[in-house]
Each structure stands twice: as structure tokens, then as C-alpha cells.
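Below are the chains, spelled out letter by letter.
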Amino acid sequence: QVQLVESGGGLVQAGGSLRLSCAASGSIRSINTMGWYRQAPKKQREFVATITSDGSTNYADSVKGRFTISRDNAKNTVYLQMNSLKPEDTAVYYCNTNILAYNLRYSDYWGQGTQVTVSS
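Residues numbered from 1 in each chain as written. Predicted model: local features only at pLDDT ≥ 70, side-chain atom pairs only at ≥ 80, totals over all residues. Heavy atoms only, no water.

Student: How should the state of the cysteines be read in this particular structure?
Tutor: The full count for this structure, using the stated rule, is one disulfide. Note that Cys22 is cross-linked by a disulfide to Cys95, the S-S spacing being 2.0 Å. One end of the pair, Cys22, is in strand S3 (residues 18-26); the other, Cys95, is in strand S9 (residues 91-100), and 73 residues separate them in sequence. Both residues of the pair, Cys22 and Cys95, belong to the buried class. (Disulfide = S-S within 2.5 Å. Helix = DSSP H or I, 4+ residues; strand = E, 2+ residues; numbered from the N terminus. Buried < 20%, exposed > 50% of the residue type's maximum accessible area, 1.4 Å probe, protein only.)

Student: Can you walk me through the pairing of S3 in this structure?
Tutor: If a strand is regular, its side chains alternate between the two faces of the sheet. As paired elements, strand S1 (residues 2-7) and S3 share six bridges and run antiparallel to each other. Among the inter-strand pairings, Val5 is bridged to a residue of S3, identified as Ala23. In this structure, S3 lies alongside strand S8 (residues 77-82), joined through six bridges in antiparallel fashion. Its bridge partner lying in S8, Ser21 is registered against Tyr79. (Pairing = 2+ DSSP bridges.)

Quick look at the structure:
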């Protein structure tokens, strides 16, 4: 079993910053790609950013230059530093990880989601 616990969401004014964290625990042999997705009301879940095990990153065009994804492999944790936030960044943010368990099977896991609200 693997658990993902997210934290760091909240309410912030436009132009402000927030830092999200997502910690994985449980039957983890190694973690491949870690990432963040978001879902705004009445919209589909969309890609925000990913980071591979060797640190390669990828971002959605809408967040490039404002958001930074990072990870601490020793803590099995992925972070999302969000700067210059805009009202359109308002959404529930979900972390996603691709984990190799001790049974040598890769599986995708999702966090419970954390609300980010940006006021204008």
C-alpha cells in the first residue's frame, strides 16, 4: 500500500505565492516520475508539471516561468512552488506519482487533492 499526503494549499491574493508538498509513504522501492495536476470547477483535470527521477522537468505553458517543481528523493516528496499566482490558477491540485513497489510492479497513485484559491 502507498499513501500520498498533500499539503500547502490555501487562499492567496493574485500575485502571491504558495508551496505545495506531496509526501509518499508505504511499500515503495523507488519512485519514477512525480507530478502535479489540477482541476478547476466544471473543467477536466489538466497537467501542470512533472519531474523525473533524474530531475528533468516539464511544465504546462500556462505555468512556465511562474511555477517550479522539485523533489526530495530521500523524503519521497515532491513540491510545487507557485509564484505570481493568478485567479485562473484556482483549482484543486493533485499530485501523481509512478511508484515501483517491492513486488516489482509500477503503479500510479494520486493524492487526495488540495484546494488553491487565488482572489483578484
